[in-house]
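Letter by letter, the chains look like this.
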Amino acid sequence: MAASRIVIENCAIATVDANDTEYASGHVVVADNLIESVGAGRAPAGLENVVRRVDGTGHLLTPGLVNTHHHFYQWITRGLATDHNLFDWLVALYPTWARIDEPMARAAAQGSLAMMARGGVTTAMDHHYVYPRGAGDLSGAIIGAASETGVRFTLARGSMDRGRSDGGLPPDFAVESLEDALAATEATVDKYHDASFGAMTQIAVAPCSPFSVSTELMRQGAELARRKGVRLHTHGSETVEEEQFCKELFGMGPTDYFESTGWLGSDVWMAHCVHMNDSDIAAFGRTGTGVAHCPSSNARLAAGIARVPDMLRAGVPVGLGVDGTASNESGELHTELRNALLINRLGAHRESALTARQALRLGTHGGAQVLGRADQIGSVETGKLADLVLWKLDTLAHSSIADPVVALVLGAAAPVTLSLVNGRTVVEDNHLTTVDEDAVARSTRAEAQRLARIAAAG
């Protein structure tokens, strides 16, 4: 059967390939779910079975954005504890989060995914680690929401087994036993993980953090992931308080602790990594351990500025993350391109910290590296999956910025004229085509109100 083709032409293109190839006016041809060709000028003549032609005049085409860290359930607890540091914020919100159930998780995932997809995210991930007893099938609800939205998705099946009585932060009724956490994680991998090229759903093993997880869950979680051939994810080195916690509890800093439990390697990525010294960064670079950089959340919780320029120089794979919307209420990844550049310029490297093109690479190819899918997504190259975004840059907001990449990264948030995932249209003229945005808004509002009532009742 002949491939169906979509032709996009007359647009600027930032391929984000190894050479940062760009075209001032070029074309991309999509055949079914793959990029068939990309280059300067108009598309080749005589293409057969062209089902759609898109005139990209006034637009920039990029790879789809890749989100490497999120907590979807937090969509229904936005705007709370707005003046707290991480530990105080967690203590304030854990009792509410511990009341979530399946309808809440589904609605929150729909809201989180819709907001990201509308803003150019084509690959999303969710680190979900709150599994209250009797809450229903939370993982299934989240994966179902991603399938409906139409984005490529990784569920990092999280877990916590260190409750307050064991020196952790979450209430005891919000944590699982070691055995239950491992069994449920393995069952999730067996049921949902797709290791094939072009997979729409993948699973990672993801104990929450050193201060909510036992050493045995960390160690056995790593063994489980490698036995199953899936990736590993957790939070690391987010705050000064976390470093102190690790030294008091384990007698070593976070990076040494991770190494002692098998949690450094090219199949691992960690969220935040704000407080890392030279030897920590060198260890990540040597082992290929990835980082999900979440600039807005780090600023919201006053965690600090991650040393992203130093990580990149050391060869550390770095992608961008929204993080949960209880610490980044906008829930959008394309704003993180700008914030990553600006916040890192407040650090030691100042104006030489990051360029606009490096920021775009973090949000695309860097994210694909972190998720272990750089051979499939993250750049506009022949043979890769057709996960593409066409950004509108010919409005007032960007009218006097000549460089389209600079306009996208440093200018106002650009509307998405077209977003393709696996060759399928997910966004058209800045609106989702796969789900009803108004219905999602009503559902998330209702579930947020229901959760607030339940939490207030104790």
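Above this text you will find the structure in question.
Residues numbered from 1 in each chain as written. Predicted model: local features only at pLDDT ≥ 70, side-chain atom pairs only at ≥ 80, totals over all residues. Heavy atoms only, no water.

Things to note about unusual backbone geometry
Line of reasoning, step 1. For serine 237, which is not glycine, the phi torsion reads 50° and is therefore positive.
Line of reasoning, step 2. Topologically, serine 237 is positioned in the loop between strand 10 (231-236) and helix 6 (240-250).
Line of reasoning, step 3. For serine 237, a relative accessible area of 4% puts it in the buried group.
Line of reasoning, step 4. For arginine 350, which is not glycine, the phi dihedral falls at a positive 50°.
Line of reasoning, step 5. Residue position: arginine 350 is located in the loop between helix 11 (334-344) and helix 12 (356-370). (Helix = DSSP H or I, 4+ residues; strand = E, 2+ residues; numbered from the N terminus. Buried < 20%, exposed > 50% of the residue type's maximum accessible area, 1.4 Å probe, protein only.)

Some thoughts on the packing of aromatic side chains
Line of reasoning, step 1. Applying the stated rule across the entire model yields nine aromatic pairs.
Line of reasoning, step 2. Aromatic pair tyrosine 73 and tryptophan 97: ring centres 5.2 Å apart, planes at 85°, arrangement edge-to-face. Remark: tryptophan 97 occurs in helix 1 (residues 86-97) and tyrosine 73 occurs in the loop between strand 6 (65-66) and helix 1; sequence separation between them is 24 residues.
Line of reasoning, step 3. For tyrosine 73, a relative accessible area of 2% translates into the label buried. (Phe/Tyr/Trp six-rings, centres within 6.5 Å; stacked < 30°, edge-to-face > 60°.)

A short note on the sheet that holds strand 8 (residues 152-159)
Line of reasoning, step 1. Reading across the sheet, the eight strands line up as 6-7-8-9-10-11-12-13 and stay open at both edges, with parallel pairing between neighbours. Looking at which strands have only one partner, the edges of the open sheet turn out to be strand 6 and strand 13 (318-320).
Line of reasoning, step 2. Relative to strand 8, strand 7 (residues 121-128) runs parallel, the two sharing six bridges. Across the sheet, the residue bridging to methionine 125 is threonine 154, located in strand 8.
Line of reasoning, step 3. Of the strands in this sheet, strand 6, strand 12 (290-293) and strand 13 touch helix 11, which is tilted by about 125° from strand 13. (Pairing = 2+ DSSP bridges. Contact = heavy atoms within 4.5 Å. Axes fitted to C-alpha atoms, helices over the stretch in contact; angles between N-to-C directions.)

Quick look at the state of the cysteines
Line of reasoning, step 1. This model, assessed by the stated rule, comprises zero disulfides.
Line of reasoning, step 2. Cysteine cysteine 208 is unpaired, with the sulfur of cysteine 246 as its nearest cysteine sulfur at 12 Å.
Line of reasoning, step 3. Cysteine cysteine 294 shares no disulfide, and the gap to the nearest cysteine sulfur, in cysteine 273, comes to 9.4 Å.
Line of reasoning, step 4. By relative accessible area, cysteine 294 is classed as buried at 0%. (Disulfide = S-S within 2.5 Å.)

A look at the packing of helix 2 (residues 102-118) against helix 3 (residues 138-149)
Line of reasoning, step 1. For the pair helix 2 and helix 3, the least separation of the axes is 8 Å and the interaxial angle reads 30°. Between helix 2 and helix 3, the interaxial angle falls into the category roughly parallel. The element helix 2 and its partner helix 3 pack so that their crossing is right-handed. Contacts between helix 2 and helix 3 pair Glu102, Ala105, Arg106, Ala109, Gln110, Leu113 and Ala117 from the former with Leu138, Ala141, Ile142, Gly144, Ala145, Ala146, Glu148 and Thr149 from the latter.
Line of reasoning, step 2. For the contact of helix 2 with helix 3, the class distribution of residues is nine nonpolar, three polar and three charged. (Parallel < 35°, antiparallel > 145°, perpendicular 65-115°, else oblique. Left-handed = near helix turned anticlockwise from the far one by under 90°. Nonpolar A, V, L, I, M, F, W, Y, C, P; charged D, E, K, R; others polar.)

Describing the pairing of strand 7
Line of reasoning, step 1. Strand 7 sits mainly inside the fold: eight of its eight residues count as buried.
Line of reasoning, step 2. Taken together, the two bridges between strand 6 and strand 7 define a ladder with parallel strand orientation. Looking across to strand 7, one finds that valine 66 is bridged to threonine 123.
Line of reasoning, step 3. Read as a crossover between parallel neighbours, the route from strand 7 over helix 3 to strand 8 is right-handed. (Right-handed = clockwise from strand over helix to strand, strands pointing away.)

A closer look at helix 2
Note: α-helices contain 3.6 residues per turn, so residues at a spacing of three or four share the same orientation.
Line of reasoning, step 1. In this model helix 2 runs 24 Å from its N-terminal to its C-terminal C-alpha over 17 residues, within 8% of the 24 Å that 1.5 Å per residue would give.
Line of reasoning, step 2. The buried fraction of helix 2 is high, at 12 of 17 residues.
Line of reasoning, step 3. Among the residues making up helix 2, those that are buried are Met104, Ala105, Ala107, Ala108, Ala109, Gln110, Gly111, Ser112, Leu113, Ala114, Met116 and Ala117.
Line of reasoning, step 4. Summarising the contacts, the buried residues of helix 2 are in contact with strand 7, helix 3, strand 16 (424-428), strand 17 (431-432) and helix 14 (437-457).
Line of reasoning, step 5. For helix 2, the N-terminal capping position is held by aspartate 101, with its side-chain oxygen 3.1 Å away from the main-chain nitrogen of methionine 104. (Expected span 1.5 Å × (residues − 1). Polar contact = N/O pair within 3.5 Å; in protein donor to acceptor, adjacent residues only side chain to side chain.)

Observations regarding the nonpolar core
Line of reasoning, step 1. Among the nonpolar cores identified, the biggest contains 109 residues, and Trp89, Trp97, Leu113 and Met311 are the most heavily contacted of them.
Line of reasoning, step 2. Looking at this core element by element, the count peaks at eight residues for helix 2.
Line of reasoning, step 3. When sequence neighbours within four positions are dropped, the list of residues in contact with tryptophan 97 reads Tyr73, Gln74, Thr77, Trp89, Leu90, Tyr129, Val130, Pro132 and Ala326.
Line of reasoning, step 4. Core analysis: the second largest hydrophobic core is formed by 15 residues, Ile6, Val28, Val54 and Leu390 among them. (Core = buried A, V, L, I, M, F, W, Y, C linked by side-chain atoms within 4.5 Å.)

A short note on the pattern of salt bridges
Line of reasoning, step 1. Applying the stated criterion across every chain yields a total of 25 salt bridges.
Line of reasoning, step 2. For arginine 118, the salt bridge identified is with glutamate 437, shortest N-O distance 2.9 Å. Residue arginine 118 is found in helix 2, and its partner glutamate 437 is found in helix 14; the two are separated by 319 residues along the sequence.
Line of reasoning, step 3. For arginine 118, a relative accessible area of 28% corresponds to the partly exposed category.
Line of reasoning, step 4. Across the salt bridge formed by glutamate 329 and arginine 300, the nearest N and O atoms sit 2.6 Å from each other. Taken as a pair, glutamate 329 in the loop between strand 13 and helix 11 and arginine 300 in helix 9 (residues 295-300) lie far apart in primary sequence, 29 residues in all.
Line of reasoning, step 5. The class for glutamate 329 is partly exposed, based on a relative accessible area of 22%.
Line of reasoning, step 6. Linked through salt bridges whose partners overlap, the residues forming this network are Glu186, Asp190, Arg227 and Lys228. (Salt bridge = Lys/Arg side-chain N within 4 Å of Asp/Glu carboxyl O.)

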